Amino acid sequence: MANAHNLTPIDPADSLSVTLADPTAHPRQTAAAAFPVETAGTRIRQALLRSAKGMTGLALILLVLLVALLAPMIVPHDPAAQILEWRFAPPAWAAEGSVTNLLGGDNLGRDILTRVLLGARVSIAVALIVVSIASVVGSLLGAVAGYFGGVVDAVIMRLIDFQLAFPFLLLALIFMAILGPGFSTLVLALSFALWINFARVVRSETLRIRSLEFIDAAHSIGVSHSRIIMSHVLPNVLPAIIVIATLDIALVIIAEAALSFLGLGVQPPTPSWGLMISEGRDFLHDAPWMVLGPGIAVLLTSIGINLFGDFLRDIYDPRLQRL
Amino acid sequence: MANPLLTVSNLSVEYPTRHGWLRAVNDVSLELAPGMALGVVGESGSGKSTLGQALMGLTGASQARVGGRITFDGQDITGLTNKAWRRIRGDRIAMVFQDPTSTLNPVLRIGDQIAEVFQWHRPDMPQTEVRRRTLGMLERVGIREAERRLRSYPHELSGGMRQRVVIACALALEPALLIADEPTTALDVTVQAQILDLMRDLIIERGTAMILISHDLDVIGDTCDAVAVMYAGRVVEFGATDDVLAAPQHPYTKGLLASRPRFGHNQAVAPIAGTVPDLRSIGTACAFQPRCAQAVDLCGREGPPLQGFVATDSAKVPHRVACHVVHQEPRS
Amino acid sequence: MLRLVLTRLAYAVLVMIGVTFVVASLIKLIPGDPVDIMAAGNPGMTVEDMDKLRHELGLTRPILEQFFIYAKNAVLGDLGISIRQRVPAAGLIWERLPATAELAFWAILIALAVAIPIGIVTALKRDTAIDYAGTVVAVLGVSVPGFLLGILLILVFSVNLRWLPASGFRGSALASIPSAIASGDPSIFWNAFRYFILPSISLAFVLVAINARLVRSSMIEVLQQDYITFARAKGLPIRIIYLRHALRNALLPVLTVVGLQLGSLLSGTIVIETVFAWPGIGRLAVQAVHWRDYPLIQAVVLISALLFVFLNLVVDLLYRWIDPRAHHG
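Residues numbered from 1 in each chain as written. Chains lettered and ligands numbered in written order. Predicted model: local features only at pLDDT ≥ 70, side-chain atom pairs only at ≥ 80, totals over all residues. Heavy atoms only, no water.

### Quick word on the pattern of salt bridges
Residues and elements named next belong to chain B. We apply this condition: Every case where a carboxyl oxygen of Asp or Glu lies within 4 Å of a side-chain nitrogen of Lys or Arg is listed as a salt bridge. Strands are runs of DSSP state E lasting at least two residues, helices are runs of H or I lasting at least four, and both sets are numbered from the N terminus onward. Burial classes follow relative accessibility: with a 1.4 Å probe on protein chains only, a residue under 20% of its type's maximum area counts as buried, one over 50% as exposed, and anything between as partly exposed.
Enumeration over the complete set of coordinates arrives at 26 salt bridges over all chains. A salt bridge links Glu-14 to Arg-65; the shortest N-O distance between them is 3.1 Å. You can see Glu-14 sitting in strand S1 (residues 6-17) and its partner Arg-65 sitting in strand S4 (residues 65-72), a full 51 residues away along the chain. The class for Glu-14 is buried, based on a relative accessible area of 11%.

Take a look at the structure:
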């Protein structure tokens, strides 16, 4: 392995995974040394500049984040205001459209652009909360399962296997049925559906690290379990977690839209893209823009995240497959 | 040679890499008479496998650049189209690869993998005849209960049996030339000799010429009439196997011979110091010069040509070597 | 092989028992009195109804006892009475299952029939314009939510072009094939099938994208294998090498994924059936949640999950049957 490095010039794209997978990482190394954040960051930046996929994705993500952040300040109108003249007002690109309602008005006379911009906040908020919960809980359980093995591992793994017997949305429906639809149920249901992805990756990586000798050595000199997990396992799985988290954000945004579309997610009058599409469905013939505005918003957001997630995955591990 | 089966003239094969073209085979010239067995020996990276692929026209997929000329059975096959190559491959020239586990398709029955050679090269052959020949071939390569084995999948056979199946595929149409690329390297030591014996019997029985590519001089010594020693893409020594093994001339060949572990000898194994150089950094010098104890100034400046160094009697394969030192030494 | 089938079967049964347990105890997890909640959603209920329901739902029984009663009834085909419709839940599901199953069938068919050729071509034309176009389709595929695609398709093909119906179901298209052939009138098939087109495309699109990428990468990997070089060295025609030697191996991993995709398909039908007013169990599930019709919710969840476990078992066994290497595994 070491000789191979000397003989062949290392491809910058490969070397990230080489660093990550290096089983010879020394016990004394700190988290920062085991996962050279600085250099990895530089490499990612360089790769990003060369990748149309990564750049496009990042640009779209930044746009959506900016919108979500600034929405209350930049919206042209009051999202709840129902103005009679704006009912079914055509968007600016239509023949009778006006710049007052760039994306048109809805059936209640509300400005669609305003609601689309504010909808970004809802989408992003749900996505960030859900993915944070799922990644933290999932990673912790995965690390514990992989590190301690035995009964703990068996229980957690069976739980995962069992949960896989339920299709994603069916699981969410069960939560809705028990707790009733709403924002917190939505967050809980989606977090519960997604923790598995993180747990599996972290578990298998923990198992690998656990089998290396230095872990026993570290433990024998009195390093605590949690310390070992934090300083050796976590840095190694961090890239994988980041990739999964990125792609899961897109998943959550779509799922939130879908559940809100079904009337089981965010409740009116909160502006949610899925809800808006659902409302617009009844007026497809007369006011297709009611669907187009929020539809394009969902699409661009999820395309952006997927592009960037794909880019991240490519540099992390070109062979990693998406299912 | 009066009517050589295969003539290779100044063959070179280059691969594109991130840092420019890598010349894996460099100015190789060879001749092979019908029925003759030629060994090609060298370390990994010496270009011996690439040479084998080039002779099969199998370098195309990797955008390799092939220079020089290959004449097979009186026909120039250097610039053949894929379609024309297809007619030669498997029929006139066949190949056996190193690892039979990965050479056989895991999801196809072995009977079908042999039969398809007949089916696509002899489309007029009746189905019953295809089956009869497939069975005969399987029996000939020493697989017991051939009838039943036709329906086996590769993973149901041992490594040695798999290589027998590969050999059956390769020799099914009685090719004029067999290229065997490390055919025994991946096998158990106990099986290696059996497979080599089988191959030797088969090619003698059918008058098939063979190019046996190996890193193992013993394997070649047991099987081949002549040997070409390759180093860094070039042939550095060529001659009748007995001559080369008994009186190696090139310092590299000497090193190879000295580095083999010999059973029953108490001599220490002497590995050749250093490693194969980066093929891109050789320039015009002799590629072995950095590792050569006898190197002189000239070796660092220009590469030595492959020349005959003694007048050999004309019936024999001439002994040639590419080394300034050998050619400068006064000979009696 | 037999032992393997039995192990898998035993495992599937175990999971099914677990599913039943979760479903049976689902009602106990509801905070507050589920009967009150249901009464709020179903104004027609009387006090007697509510008392009766409390007993039927087993709210007063310990959880294990409730599980055994529920499981026993389920095995006998009794999945409770729908509160909203006042008919057996099992009957409601049986009515709707064929529509969902056939929708899923067409979606899988589209997903494979479109994805495999795209995957092969993009693998063979790697890093060309065709390949890049494939990448764009793939990103679009995983990015566009099914319900949005469905609505956009309705907008284009139903509202604007008026080519295809926007919603509804006019009987099985598969079942109409024999009579269409017998009478020589393809319009019999078409009249049923045209209702399937938009929903099945909406359902299949994401799978097309994923499978095409999967076939591509799998094909690229297989083409680098020694047995492909050996097939070339045998002088086989290039199409035989691609189709007989490469594709067979490349499709094996795809098959395992198709099993997993049945789950996402089931998720998809929940949304797509709502978009297209499709009388299947996906829409029934959403309605049941809206109605707070707990017996119906339990029944739908139970049947969907059991179906999913069963289909995964079938795919798993199928995979082992197709891949000769797995016979011993």
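### Topic: the nonpolar core
Threshold: Take the buried Ala, Val, Leu, Ile, Met, Phe, Trp, Tyr and Cys residues and link them wherever side-chain atoms come within 4.5 Å; each set so joined is a nonpolar core. The source of the domain bounds is an automatic or database domain assignment. Note on contacts: a residue pair is in contact if any heavy atoms of the two residues lie within 4.5 Å.
Phe-166 of chain A together with Val-19 of chain C are the most contacted members of the largest nonpolar core, which has 196 residues in total. When residues of this core are assigned to their parent elements, the largest contribution, 19 residues, is made by helix H11 (residues 225-261) of chain A. Two domains each put at least three residues into this core: domain 1 (2-89) and domain 2 (96-328) of chain C. In this structure, Phe-166 of chain A is in contact with Leu-171 and Ile-174 of chain A together with Val-19, Val-301, Ala-305 and Phe-308 of chain C, ignoring residues within four places of it in sequence. Residues Ala-37, Ile-195, Ile-203 and Ile-213 of chain B belong to the second largest nonpolar core, which totals 108 residues.

### Here we look at the sheet that holds strand S3 (residues 37-41) of chain B
Residue and element names in this part refer to chain B. We apply this condition: When DSSP finds at least two bridges between two strands, those strands are taken to pair. All axes here are fitted lines through C-alpha atoms, helices being fitted over the stretch that makes contact, and every angle between N-to-C directions spans 0 to 180 degrees.
Pairing within the open sheet is mixed, and its eight strands lie in the order S6-S7-S8-S3-S9-S10-S12-S11. Only two strands of the sheet have a single neighbouring strand rather than two, namely strand S6 (93-96) and strand S11 (307-308). Where helix H7 (residues 159-171) meets the sheet, its contacts fall on S6 and strand S7 (177-181), and the angle it forms with S6 comes to roughly 170°.

### So, a nonpolar patch on the surface
Residue and element names in this part refer to chain A. Short version of the rule: Patch building starts from residues that exceed 30% relative accessible area and form no salt bridge, then joins like charges within 9 Å and nonpolar side chains (Val, Leu, Ile, Met, Phe, Trp, Tyr) within 5 Å. Reported accessibility uses the Shrake-Rupley method at a 1.4 Å probe radius. Residues are deemed covered only where the shown protein chains occlude them.
Taken together, the side chains of Ile-129, Ile-133, Val-136, Val-137, Leu-140, Leu-141 and Phe-183 make up a nonpolar region of the molecular surface, amounting to roughly 560 Å² of accessible area. It is helix H6 (residues 112-148) that provides the largest number of residues to the nonpolar patch, a total of six residues. Within the fold, Ile-133 resides in helix H6.

### Quick word on the interface of chain C and chain A
Quick note on the threshold: Reported buried area values correspond to the accessible surface (1.4 Å probe) lost by two parts on association, with both partners' losses combined. Polar contact criterion, stated in full: a pair of N or O atoms within 3.5 Å, where within protein one must be able to donate a hydrogen and the other to accept it, and residues adjacent in sequence count only if both atoms are side-chain atoms.
Counting residues at the interface gives 48 residues for chain C, matched by 45 residues for chain A. When the two sides are added together, the surface that chain C and chain A hide from each other amounts to roughly 3,900 Å², 79% of it contributed by carbon and sulfur. When the area that chain C buries against chain A is broken down by residue, the three leading residues are Phe-147, Ile-151 and Val-289 of chain C, summing to 14%. On the surface where chain C and chain A come into contact, there are zero salt bridges. At the surface where chain C touches chain A, the tally comes to nine residue pairs in polar contact (both at pLDDT 80 or more). Mapped by element, the contributors of at least two residues to the side of chain C that touches chain A are helix H1 (2-26), helix H6 (129-143), helix H7 (146-160), helix H9 (186-223), helix H11 (238-275), helix H12 (281-291) and helix H13 (294-322) of chain C. In terms of residue count, the dominant contributor to the side of chain C that touches chain A is H11 of chain C (nine residues).

### Observations concerning the sheet that holds S1 of chain B
Residues and elements named next belong to chain B. In space, the four strands of this open sheet follow the order S2-S1-S4-S5, with antiparallel pairing throughout. Pairing within the sheet leaves two strands with one partner each, and these edge strands are strand S2 (20-32) and strand S5 (75-76). Where S1 and S4 come together, seven bridges link them in antiparallel fashion. When the sheet's bridge partners are listed, Val-13 is paired in S4 with Val-66. Its contacts with the sheet put helix H1 (residues 48-55) on S1, S2 and S4, and the angle it makes with S1 is roughly 110°.

### Comments concerning the pairing of S2 of chain B
Each regular strand shows side chains that alternate between the opposite faces of the sheet. Residue and element names in this part refer to chain B. Direction of pairing for S1 relative to S2: antiparallel, over a ladder of nine bridges. Along S2, the bridge assignment pairs Glu-14 with Arg-23. Counted between consecutive antiparallel strands, the loop separating S1 from S2 contains two residues.

### With respect to helix H9 (residues 183-210) of chain A
For the α-helix, the turn length of 3.6 residues means that residues three or four positions removed from each other point alike. Short version of the rule: The span expected for a helix works out to 1.5 Å for each residue beyond the first. In this analysis the local bend is the angle between axes fitted, respectively, to the seven residues ending at and the seven residues starting at the residue.
The terminal C-alpha atoms of H9 of chain A lie 39 Å apart, and with 28 residues this matches the ideal 40 Å at 1.5 Å per residue to within 8%. By the largest-angle criterion, Leu-194 of chain A marks the main kink of H9 of chain A, which is about 30°.

### Describing the domain arrangement of chain C
All names here are of chain C. You can read the domains of chain C as domain 1 (2-89) and domain 2 (96-328). Just the C-alpha atoms count here: the centres of domain 1 and domain 2 sit 32 Å apart. Both sides together, the interface formed by domain 1 and domain 2 hides about 2,200 Å², and carbon and sulfur atoms give 75% of it. Inspection of the region where domain 1 meets domain 2 yields zero salt bridges. The interface formed by domain 1 and domain 2 includes three residue pairs in polar contact (both at pLDDT 80 or more). Where the side of domain 1 that touches domain 2 is concerned, the elements lending two or more residues are H1, helix H2 (34-41) and helix H4 (63-75).

### Some thoughts on the packing of helix H13 (residues 289-316) of chain A against H7 of chain C
For the record, the criterion: In this scheme the crossing of two helices becomes right-handed for a clockwise turn of the near helix relative to the far one and left-handed for an anticlockwise turn of less than a right angle. Only Asp, Glu, Lys and Arg are considered charged, only Ala, Val, Leu, Ile, Met, Phe, Trp, Tyr, Cys and Pro nonpolar, and every remaining residue, Gly among them, polar.
Interhelical geometry of H13 of chain A versus H7 of chain C gives an angle of 140° and a closest axis separation of 11 Å. Crossing hand, H13 of chain A versus H7 of chain C: left-handed. Each of Val-291, Leu-292 and Gly-295 of chain A in H13 of chain A lies in contact with H7 of chain C, whose residues at this interface are Leu-148, Ile-151, Leu-152 and Leu-155 of chain C. Its residues placed into classes, the contact of H13 of chain A with H7 of chain C shows six nonpolar, one polar and no charged.

### Examining the packing of H11 of chain A against helix H12 (residues 273-281) of chain A
All names here are of chain A. Using the following cut-off: Each angle gets one of four labels, with under 35 degrees taken as roughly parallel, over 145 as roughly antiparallel, 65 to 115 as roughly perpendicular, and the rest as oblique.
Where H11 contacts H12, the axes come no closer than 7 Å and their chain directions differ by 40°. The angle between the axes of H11 and H12 places the two elements in the oblique class. Note on packing geometry: the crossing formed by H11 with H12 is right-handed. Taken together, the residues of H12 that come into contact with H11 (itself represented by Ala-257, Ser-260 and Phe-261) are Gly-274, Leu-275, Ile-277, Ser-278 and Arg-281. When grouped by side-chain class, the residues that make up the contact of H11 with H12 number four nonpolar, three polar and one charged.

### Overview of the packing of aromatic side chains
The test is simple: Ring geometry is summarised as follows: Phe, Tyr and Trp rings, the Trp one being its six-membered ring, pair when their centres sit within 6.5 Å, and such pairs are stacked at plane angles under 30 degrees, edge-to-face over 60 and tilted between the two.
Counted according to the given criterion, the structure contains 20 aromatic pairs over all chains. Judged by centre distance (5.8 Å) and plane angle (85°), the rings of Phe-97 of chain B and Phe-230 of chain C are edge-to-face. Note that Phe-97 of chain B is positioned in the loop between S6 and helix H3 (100-103) and Phe-230 of chain C in helix H10 (residues 226-233), a pairing that runs across two chains. Residue Phe-97 of chain B is classed as buried on the basis of its relative accessible area of 11%. Since its relative accessible area comes to 2%, Phe-230 of chain C is described here as buried. An angle of 40° between the planes, with centres 6.0 Å apart, marks the rings of Phe-157 of chain C and Trp-163 of chain C as tilted. Residue Phe-157 of chain C is classed as partly exposed on the basis of its relative accessible area, which comes to 25%. Judged by its relative accessible area of 55%, Trp-163 of chain C is exposed. Each residue in the set Phe-105, Trp-106, Phe-189, Trp-190 and Phe-193 of chain C is aromatic and connected to the rest through ring pairs, giving one cluster.

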